[in-house]
Amino acid sequence: MSDLLQIIDREGNKVGTVPRVKKEVFLNMYRAMVRTRAFDDRCMKLQRTGKVGFSVPNRGIEAVSVGAAAALDISKDWVAPHYRDFGIMLYHGVSPERMMDTMFGNEADSAVGRQMPVHFSFRKPLNFLSISSPLGTQVPQAVGIAMAMKTRGEDGAVLTTFGDGSTSASGFHSGMNWAGVFNSPTVFLCQNNQWAISCPSEQQTKSSSYAIKGEAYGVPGVRVDGNDVLAMYRAVSQAVKRARAGDGPTLIEAVTFRMGGHSTSDDPTKYVDPELVTYWEQRDPIVRFSAFLHAEGILNEAADATLREEAKDEMLTAARAAEAKPVPVLTSVFEDVFEETPAHLKKQSAFCVDHYSSRGEGVNEKGEFPL
Amino acid sequence: MSELTLVQAVNDGLRVAMKEDESVLVLGQDVGPKGGVFLATDGLHAEFGEDRCFDTPLSEDGIVGVGIGMAMNGMKPVCEIQFQDFIFPAFDQIVSEAAKMRYRSGGQYTVPMVIRTPYGGGIRGGLYHSQSGEAYFAHTPGLKVVIPSNPYDAKGLLIAAIQDPDPVLFMEPKALYRAFRQEVPDGLYTVPLSTTATVVEGEDCVVYCWGAMVPVCKTAAERVSESRGKSIRVVDLRTLMPLDEEAVIQATRECGRVVVVQEAPRFCGYASEISAILAENAVDSLEAPIQRVTGFDTPFPNTLENYYIPDARRVVDAIEQVLDY
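How each quantity is defined
- Residues numbered from 1 in each chain as written.
- Chains lettered and ligands numbered in written order.
- Predicted model: local features only at pLDDT ≥ 70, side-chain atom pairs only at ≥ 80, totals over all residues.
- Heavy atoms only, no water.
- Buried < 20%, exposed > 50% of the residue type's maximum accessible area, 1.4 Å probe, protein only.
- Helix = DSSP H or I, 4+ residues; strand = E, 2+ residues; numbered from the N terminus.
- Pairing = 2+ DSSP bridges.
- Contact = heavy atoms within 4.5 Å.
- Axes fitted to C-alpha atoms, helices over the stretch in contact; angles between N-to-C directions.
- Buried area = accessible area lost by both parts, 1.4 Å probe.
- Salt bridge = Lys/Arg side-chain N within 4 Å of Asp/Glu carboxyl O.
- Polar contact = N/O pair within 3.5 Å; in protein donor to acceptor, adjacent residues only side chain to side chain.
- Domains from an automatic or database assignment.
- Patch = residues over 30% accessible without salt bridge, like charges linked within 9 Å, V, L, I, M, F, W, Y side chains within 5 Å.
- Areas by Shrake-Rupley, 256 points an atom, 1.4 Å probe, with all protein chains shown as cover.
- Lys, Arg positive; Asp, Glu negative; His and termini not counted.
- Charge placed at Lys NZ, Arg CZ, Asp CG, Glu CD.
- Expected span 1.5 Å × (residues − 1).
- Arc of directions from axis to C-beta.
- Phe/Tyr/Trp six-rings, centres within 6.5 Å; stacked < 30°, edge-to-face > 60°.
- Lys NZ or Arg CZ within 6 Å of the ring centre and 35° of its normal.
- Core = buried A, V, L, I, M, F, W, Y, C linked by side-chain atoms within 4.5 Å.

(A) Spatial organisation of the pairing of strand E4 (residues 186–192) of chain A. Residue and element names in this part refer to chain A. With respect to burial, E4 is a largely interior element, seven of its seven residues being buried. Judged by which residues are buried, E4 turns out to be covered on both faces: Thr186, Phe188, Cys190 and Asn192 on one side and Val187, Leu189 and Gln191 on the other are all buried. As paired elements, strand E3 (residues 158–163) and E4 share six bridges and run parallel to each other. Bridge pairing in E4 links Thr160 to Phe188. The pairing of E4 with strand E8 (residues 250–255) spans six bridges and is parallel. Each bridged residue has a counterpart across the sheet, and for Cys190 the counterpart in E8 is Glu253.

Laid out in structure tokens, this is it:
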């Protein structure tokens, strides 16, 4: 992996210049990575026990999301994400309970139960754009958000994330091309986790890398060890700095590995060589960063163990709280289609409520229609 | 007041909206110094500068996708898709993204954006410069679809669309771009969305139409009035989504006989939806089966386009058929 930007190797040894940040920042990154895995583990359990319908495994990619997140100033930067990015939200203080609200699609869900689990959208504490299922559509949108910043003379940047598979979708090409032409303050982060559901990289592109694709658009490309959180932090920080300075967009390829399936509906044992899994298990981003923090005297065994236990408990508590909340009211299905609900939707809403309430469907033990 | 063509009224509407609100900007292919292939954006680049009116790469999903991003971040983009026939690369951004953003984010992110696009035949444009795709878009929850038929409405509806908090597809009948002039007020005014207009009064039959079919239907109504001594009402729907359904049901109750005219292919067209609404809500007022006059279920032809596009004679025949039932 000599062509990769790397700061700590797989044993946690320094092989590059460590970013000069406060000890607290390292700890925040580490905590966010551990919490990302704990959130992911909890979601898998919730899906396996039938409590939520779906999840998207984040195991193995924690350093990509968290390293990138730590490089942002959320008072002015936006994120246009794809669906495998739990770490960005957790690093920036979105509460696990609010995330679990979306997993359950309950009445407190910011998307009001309208989207599948994992399709988060938040306006606070950061602009974390509503996640779409169609792939790559967020990429030109990110360029538009950035162009609006530039037009108003602001110095914000937009981080957009997508997988290796999305580099084949039209949105990637349109977005990269526009960013090049308009020099927009956009950071393109390709999470190369090596799989587009079951299709490996060699079926996705004949390019020698994903980073090299930037060249065709006049956008510099960087390859980074995506399991090295410090390398991710460095690469995204530099790209954000370039964006703020008016020097334009950057494409970052984070080389990592999806340790789970594409989603809970996928069985990766059908197509992933187990030896490959073992290879990447030995490069676990959390193990590696933990070793670094221990060696640097920033974290000790006891504190590490406590932090991991706390993360597990935090996610279980969040899941229980979200599970206890009721589903959204039925009329919410008809809201937010337009700012003002037009007559035909009012009619359909009234029909729907009347139909289900009058037939006793959805009525609780007290004879009420809580929907 | 100025005497303007429809395309000049669009141009004036854009200029007024851009003066009124500095977050309004125009983007698209050749909309800059050239002023657009139909000159709808003529002079805007010179007047408002590169940041407010700019040319884009040849990339429709980029135009709409970037527009969505700008709209979510405080701007009011007016995107031009050069011909409606070229909108399909942007279909995903329109249908999956712009139209669903408010809904899927619980109102946290919204897309106050207008997509302007010339549609329809009559210019010998063949398969790919002539289509009328309104039904694809009116079928999409979360997207408004507006089609003006005259210069006054074009300006007033366009400004209303730009001021609207939701994404609007604004389809301009290119056959009418320079077909006639009309008095258009200077400065700012709006024609409210989701309102129909009765363009010819009448009570024996009502003809529903929009865009380029409106003058065709007016001619047909006049001819039948003269030949039969019947009064034929012509209603311009103007906004297809959200439609003023009550107005359509009411006019049907008043007239009892209905013809719906569209340039688009027949099957699953917007005229079919109007027919279904009336069958469900006003069948007791109908004195004859509803007749549709439409384009054919073929791709749009070139040399023989005049036989494809509904003309006044076809509309006259349909009106006579419902009158004689």
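(B) Summary view of the sheet that holds strand E7 (residues 221–225) of chain A. Residue and element names in this part refer to chain A. Spatially, six strands are ordered E2-E1-E3-E4-E8-E7 in an open sheet, and the strand pairing comes out parallel. Where the open sheet ends on each side, the last strands, each with one partner, are strand E2 (127–128) and E7. Looking at chain direction, E7 and E8 are connected through five bridges and run parallel. The partner of Asp225 across the bridge, within E8, is Val255. Helix-sheet contacts for helix H6 (residues 170–182) involve E3, E4 and E8, and the interaxial angle to E4 is about 145°. This element, helix H7 (residues 229–244), spans E3, E4, E7 and E8 of the sheet and lies at about 170° to E8.

(C) Structural detail: unusual backbone geometry. Of note, the amide linkage connecting Lys124(A) to Pro125(A) takes the cis form, showing an omega dihedral of 0°. For Pro125(A), the location among the structural elements is in the loop between helix H4 (96–104) and E2. A cis amide bond links Met241(B) with the next residue in sequence, Pro242(B), at an omega value of -5°. Looking at the element boundaries, Pro242(B) is found in the loop between strand E12 (239–241) and helix H9 (245–255). Here Val112(A), not a glycine, exhibits a phi torsion of approximately 55°, which is positive. A positive phi angle, close to 80°, is found at Val118(A), a residue other than glycine. Tracing the chain through its elements places Val118(A) in the loop between H4 and E2.

(D) Structural context of the interface of chain A and chain B. Tallying the contact residues gives 44 residues for chain A and 42 residues for chain B. Between chain A and chain B lies a buried interface of about 3,500 Å² when both sides are counted; carbon and sulfur atoms form 58% of it. When residues of chain A are sorted by the area they lose upon contact with chain B, Gln141(A), Trp178(A) and Phe338(A) head the list and together hold 20% of the total. At the boundary of chain A and chain B, one finds two salt bridges. Among the ionic pairs, Glu245(B) bridges to Lys347(A), the shortest N-O distance being 3.5 Å. At the boundary of chain A and chain B, one finds 21 residue pairs in polar contact (both at pLDDT 80 or more).

(E) Representation of the domain arrangement of chain A within the structure. What the domain assignment lists for chain A is domain 1 (23–324) and domain 2 (329–371). On a C-alpha basis, the centres of domain 1 of chain A and domain 2 of chain A stand 36 Å from each other.

(F) Spotlight on a negative patch on the surface. Judged by side-chain charge, Asp30(B), Glu50(B), Asp51(B) and Asp55(B) come together as a negatively charged surface patch. Structurally, Asp30(B) is set in the loop between strand E2 (24–28) and helix H2 (44–48).

(G) Focus on helix H11 (residues 343–358) of chain A. Its 16 residues place the ends of H11(A) 22 Å apart at the C-alpha level, agreeing with the 22 Å of an ideal helix rising 1.5 Å per residue. Of all the positions in H11(A), only His344(A), Leu345(A), Ser349(A), Cys352(A) and His355(A) are classed as buried. Along the long axis of H11(A), the arc covered by the buried residues comes to 135°, so they all point the same way. Away from the buried face of H11(A) by more than 90 degrees, exposed residues Ala343(A), Lys346(A) and Ser358(A) are located. Where H11(A) is buried, its residues meet E12 and H9 of chain B. A positive phi of about 80° marks Gly360(A), the residue just after H11(A).

(H) The side chain of Ser349(A), seen in detail. Within the secondary structure, Ser349(A) is located in helix H11. When sequence neighbours within four positions are dropped, the list of residues in contact with Ser349(A) reads Thr331(A) and Phe334(A).

(I) Inspection of the packing of aromatic side chains at higher detail. Scanning all chains against the criterion turns up 27 aromatic pairs over all chains. On the basis of an interplanar angle of 35° and a centroid distance of 5.5 Å, the ring pair of Trp178(A) and Phe182(A) is categorised as tilted. With Trp178(A) and Phe182(A) both in helix H6 and four residues apart, the pair spans about one turn of that helix. The same class applies to Trp178(A) and to Phe182(A), which are both buried. On the numbers, 5.4 Å between centres and 65° between planes, the contact of Phe182(A) with Phe54(B) is edge-to-face. Of this pair, Phe182(A) sits in helix H6 while Phe54(B) sits in strand E3 (residues 53–55), placing the two residues on different chains. Assigned by exposure class, Phe182(A) and Phe54(B) land together as buried. In this structure an aromatic cluster arises from ring pairing among Phe26(A), Tyr30(A), Phe289(A) and Phe292(A). The ring of Tyr279(A) has Arg283(A) sitting right over it, with the charged end atom 3.5 Å from the ring centre.

(J) The nonpolar core, seen in detail. In terms of nonpolar packing, the biggest core is built from 114 residues, with Met113(B), Ile115(B), Tyr208(B), Leu237(B) and Ile274(B) touching the most fellow members. By residue number, the principal contributor to this core is helix H5 (residues 138–151) of chain A, which donates eight residues. Not counting chain neighbours up to four residues away, the residues in contact with Tyr208(B) comprise Val235(B), Leu237(B), Val248(B), Ala251(B), Thr252(B), Val258(B), Val259(B), Val260(B), Val261(B), Ile274(B) and Leu278(B). Counting residues in each nonpolar core, the second largest holds 72 residues, with Ile8(A), Phe120(A), Ala157(A) and Val229(A) among its members.

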